[in-house]
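Chain by chain, the residues:
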Amino acid sequence: RMIMNSYNQEIHLWCADKAAMKAYLSEKTQAELDDYIRVRISDPYAQKVAEYEAAATKRADGRTIVIAGVVALCMMMLYLLCRSRINERLGLIAVYRLLGIPGRKLYGIFLMESGVAALTTLVPTVILTWAGLWAVRLLPQQTLALELPLPVALAAGAGIVAYYLLVSVLPLGRLLRQPPAQLAAKFDL
């Protein structure tokens, strides 16, 4: 009766067990074998979910590319900042070397200074981020569900401080390889 009423028409079925219904409809009937009807099984819900997941993946890929670009740009700017800070202190480094202060002590001095500089920018940033996320969570109709777990914040902070210390020491190594007299002559001390 269903086949007779639906000749040249589409039938949409809603059922509780989609898998069982698909299995039932996929069995060939005599009408199908005689080419009187054609049964085509499609799941629009599954198609829409697949389209949504594909679009979400594209958005996530785009965000990942933008975030990676911003992080790379920030790392380059931080490297140039630390390098310019050491270049400003070239005279001081030359004087320290002429006074006989060993290179490892100079490394320690610059590491401590860079550590303090990193913490003066990192601690307020983390505090403001935590406060911002806390304030957003208090809004009654907020749709943003961001969380910043403490281990992730600590790991990110430690990574930033480690990178800051590394880029502050890299330009110093090139200068400390030169003899103190050559350093002093180079910078006209």
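Residues numbered from 1 in each chain as written. Predicted model: local features only at pLDDT ≥ 70, side-chain atom pairs only at ≥ 80, totals over all residues. Heavy atoms only, no water.

Caption draft 1: Representation of the overall build of the chain in the model. A tally of regular secondary structure across the chain gives eight helices and zero strands. Going from N to C terminus, the chain has its helices and strands arranged as α-α-α-α-α-α-α-α. Put simply, 65% of the contacts in the chain that link residues at least 6 apart link residues at least 24 apart. Only carbon and sulfur atoms are counted for the fraction: they give 66% of the accessible area of the chain, which is about 14500 Å². (Helix = DSSP H or I, 4+ residues; strand = E, 2+ residues; numbered from the N terminus. Contact = heavy atoms within 4.5 Å. Areas by Shrake-Rupley, 256 points an atom, 1.4 Å probe, with all protein chains shown as cover.)

Caption draft 2: Broad picture of helix 7 (residues 150–176). Between the first and last C-alpha of helix 7 there are 39 Å, a value that for 27 residues agrees with the 39 Å anticipated at 1.5 Å per step. Every buried residue of helix 7 is listed here: Ala153, Gly157, Val161, Tyr164, Val167, Ser168, Val169, Pro171, Leu172, Gly173, Leu175 and Leu176. Looking at the buried positions of helix 7, the neighbouring elements they touch are helix 4 (44–88), helix 5 (90–98), helix 6 (103–138) and helix 8 (180–186). (Expected span 1.5 Å × (residues − 1). Buried < 20%, exposed > 50% of the residue type's maximum accessible area, 1.4 Å probe, protein only.)

Caption draft 3: Quick look at the packing of helix 4 against helix 7. Packing of helix 4 against helix 7 leaves a shortest axis separation of 9 Å and a crossing angle of 45°. With respect to helix 7, the axis of helix 4 lies oblique. With respect to the hand of their crossing, helix 4 and helix 7 are arranged in right-handed fashion. Facing helix 4, whose interface residues are Met75, Met76, Leu78, Tyr79, Leu81, Cys82, Arg83, Arg85, Ile86 and Asn87, helix 7 presents Tyr163, Tyr164, Val167, Ser168, Pro171, Leu172, Arg174 and Leu175. Tallied by class, residues from the contact of helix 4 with helix 7 come to 13 nonpolar, two polar and three charged. (Axes fitted to C-alpha atoms, helices over the stretch in contact; angles between N-to-C directions. Parallel < 35°, antiparallel > 145°, perpendicular 65-115°, else oblique. Left-handed = near helix turned anticlockwise from the far one by under 90°. Nonpolar A, V, L, I, M, F, W, Y, C, P; charged D, E, K, R; others polar.)

Caption draft 4: Region of interest: the nonpolar core. If you look at the biggest cluster of nonpolar residues, it comprises ten residues: Ile86, Leu90, Ile93, Ala94, Leu106, Phe110, Leu172, Leu175, Leu176 and Leu183. Where this core is concerned, the elements lending two or more residues are helix 5, helix 6 and helix 7. Not counting chain neighbours up to four residues away, the residues in contact with Leu175 comprise Ile86, Leu90, Ile93 and Leu183. Membership of the second largest hydrophobic core comes to eight residues, among which are Leu78, Ala117, Leu122 and Val161. (Core = buried A, V, L, I, M, F, W, Y, C linked by side-chain atoms within 4.5 Å.)

Caption draft 5: Highlighting a nonpolar patch on the surface. There is a patch of nonpolar side chains on the surface, built from Ile67, Val71 and Met75 and spanning about 260 Å² of accessible area. Here Met75 shows up in helix 4. On the basis of relative accessibility, which here comes to 36%, the residue Met75 falls in the partly exposed class. (Patch = residues over 30% accessible without salt bridge, like charges linked within 9 Å, V, L, I, M, F, W, Y side chains within 5 Å. Salt bridge = Lys/Arg side-chain N within 4 Å of Asp/Glu carboxyl O.)

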